[in-house]
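Below are the chains, spelled out letter by letter.
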Amino acid sequence: MSFKKKDNSIYYNPIRRAVLNYQMIQPGERVAIGMSGGKDSTSLFYFLDTISKQERLGFSFEIVPISLDMGFDMDIRPMQDFVEKLGYSLDVVPTNIAKVVFDIREERSPCSLCAKLRRGILYNRAKELGCNKVALGHHLDDAIETYFMNFLFHGTMESFEPKSYLTKTAVTLIRPLLYLHETDIVKFVKREELPVIFNPCPVDKKTKREEIKRLVTGLSEKYPDIREKFIMGMEQGAQENFWIKSLKFKDEG
């Protein structure tokens, strides 16, 4: 793997800032990484491996890569080889999620049920392997898209939390890539030739999230700093001050 001078400012410093700001990882913890084979989870695994081995947080921690066999016909060998090359063994959990969602339930909008089943299995497996933290590859664009989805489809103004404790499984969910732009992740994966597994899900790229992704992309072309402003708003904003702050715009335009 290569290393460029800008990697610290674009990748490692933002990850370190997110982890430290929200106290995502403590010394010596076992952190499970949910690996789907996509660019985000693969890059997350690579970044956290480097951060741990080089003790960029001031300490080391353990990484446990976990992948769920969804029941699709997927060749995960490239992902397994990649994980093994860095000194790990990929824990593959067999499931019947694809059969349940598409054959048994015949869901018209399968994403919600699929995500719920995946999360439950992943968190339980993490606990079985002695992990008290589960890291997911959600980045800044995911956070913004989730915000707009909640606003447009549910009437709520919120996104997912950087760190959240799950009482049912006693696992803490963390998102270390929170400050990273998706375009930067894409560039890193291409540059380093990280393995990306084709997603055979029949609804891939056909969901409401894809519509919102296009919306955010369009907004970012007109307002290039929308991602940075989103982070500022989510971290500095307070719900009780929402209407007060909005008053100044009522007579404008």
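Residues numbered from 1 in each chain as written. Predicted model: local features only at pLDDT ≥ 70, side-chain atom pairs only at ≥ 80, totals over all residues. Heavy atoms only, no water.

Student: For this particular structure, what's the right way to read the overall build of the chain?
Tutor: Secondary structure summary: the chain contains 10 helices and 6 strands in total. Across the 253 residues that make up the chain, the buried fraction comes to 45%. A fraction of 75% describes how many contacts in the chain between residues 6 or more apart in sequence connect residues 24 or more apart. Total accessible area on the chain stands at roughly 14600 Å², and carbon and sulfur atoms take up 52% of it. (Helix = DSSP H or I, 4+ residues; strand = E, 2+ residues; numbered from the N terminus. Buried < 20%, exposed > 50% of the residue type's maximum accessible area, 1.4 Å probe, protein only. Contact = heavy atoms within 4.5 Å. Areas by Shrake-Rupley, 256 points an atom, 1.4 Å probe, with all protein chains shown as cover.)

Student: How should I be thinking about a positive patch on the surface in this particular structure?
Tutor: Together, Lys116, Arg118, Arg119 and Lys168 give the surface a local cluster of positive charge. Summarising the element assignment, Lys116 is placed in helix H5 (residues 111-128). (Patch = residues over 30% accessible without salt bridge, like charges linked within 9 Å, V, L, I, M, F, W, Y side chains within 5 Å. Salt bridge = Lys/Arg side-chain N within 4 Å of Asp/Glu carboxyl O. Lys, Arg positive; Asp, Glu negative; His and termini not counted. Charge placed at Lys NZ, Arg CZ, Asp CG, Glu CD.)

Student: Would you mind going over the packing of helix H1 (residues 7-21) against helix H2 (residues 39-53) with me for this structure?
Tutor: For any two helices packed against each other, the geometry is given by the interaxial angle and the distance between the axes. Relative orientation of the contacting elements H1 and H2 amounts to 75°, with a least axis distance of 11 Å. As the angle between them shows, H1 and H2 are arranged roughly perpendicular. Contacts from Tyr11, Tyr12 and Ile15 in H1 reach Tyr46, Phe47, Thr50 and Ile51 in H2. In the contact of H1 with H2, the residues fall into 6 nonpolar, 1 polar and no charged. (Axes fitted to C-alpha atoms, helices over the stretch in contact; angles between N-to-C directions. Parallel < 35°, antiparallel > 145°, perpendicular 65-115°, else oblique. Nonpolar A, V, L, I, M, F, W, Y, C, P; charged D, E, K, R; others polar.)

Student: So what exactly am I meant to see when it comes to the confidence of the model for the chain here?
Tutor: Interpretation of the predicted coordinates at a detailed level should be avoided for regions scoring low in pLDDT. On average, residues of the chain score 86 in pLDDT, and 86% of them are at 70 or above. Ignoring residues within four places in sequence, the model shows residues 245-253, a span with pLDDT below 50, making 3 contacts including any to other chains. (pLDDT = per-residue confidence, 0-100.)

Student: In this structure, what is going on with the nonpolar core? I would like to understand it.
Tutor: If you look at soluble globular proteins, the nonpolar side chains tend to sit buried side by side. With 49 residues, the main nonpolar core has Ile25, Ile33, Phe45, Phe47, Leu48 and Phe61 as its most contacted residues. Of all the elements in the fold, those that place two or more residues in this core are H1, strand E1 (30-34), H2, helix H3 (77-85), helix H6 (140-154), helix H7 (182-192), helix H8 (208-222) and helix H9 (226-236). Non-local contacts of Ile25, meaning those with residues more than four positions away in its chain, are made with Val19, Val31, Leu48, Phe59, Phe61, Lys133 and Ile174. Core analysis: the second largest hydrophobic core is formed by 18 residues, Leu68, Cys114, Leu136 and Val171 among them. (Core = buried A, V, L, I, M, F, W, Y, C linked by side-chain atoms within 4.5 Å.)

Student: What should I look at first to understand the side chain of Lys213 in this one?
Tutor: Along the chain, Lys213 turns up in helix H8. There is a polar contact of 3.1 Å between the side chain of Lys213 and the side chain of Glu145. Among residues more than four places away in sequence, those in contact with Lys213 are Glu145 and Glu182. (Polar contact = N/O pair within 3.5 Å; in protein donor to acceptor, adjacent residues only side chain to side chain.)

Student: How should unusual backbone geometry be read in this particular structure?
Tutor: Negative phi is the rule for most residues except glycine; trans is the rule for most peptide bonds. The phi dihedral of Gln23 falls on the positive side, at around 50°, and the residue is not glycine. In this fold, Gln23 is placed in the loop between H1 and E1. You can call Gln23 exposed: its relative accessible area is 51%. One non-glycine residue, Ala170, lies in the positive phi region at around 60°. Mapped onto the secondary structure, Ala170 falls in the loop between strand E5 (163-166) and strand E6 (171-174).

Student: Help me out: how do you make sense of the pattern of salt bridges in this one?
Tutor: For side chains bearing opposite charge, pairing can occur when the charged atoms are close. Under the criterion given, the structure shown has 17 salt bridges. Salt-bridge contacts for Arg77 lead to Glu84; the nearest nitrogen and oxygen are separated by 3.3 Å. Its relative accessible area of 42% is what places Glu84 among the partly exposed residues. Put simply, Asp91 and Arg125 hold a salt bridge, and the shortest N to O gap is 2.9 Å. Remark: Arg125 occurs in helix H5 and Asp91 occurs in strand E3 (residues 91-94); sequence separation between them is 34 residues. Taking the relative accessible area as the measure of exposure, Arg125 reaches 23% and is therefore partly exposed.

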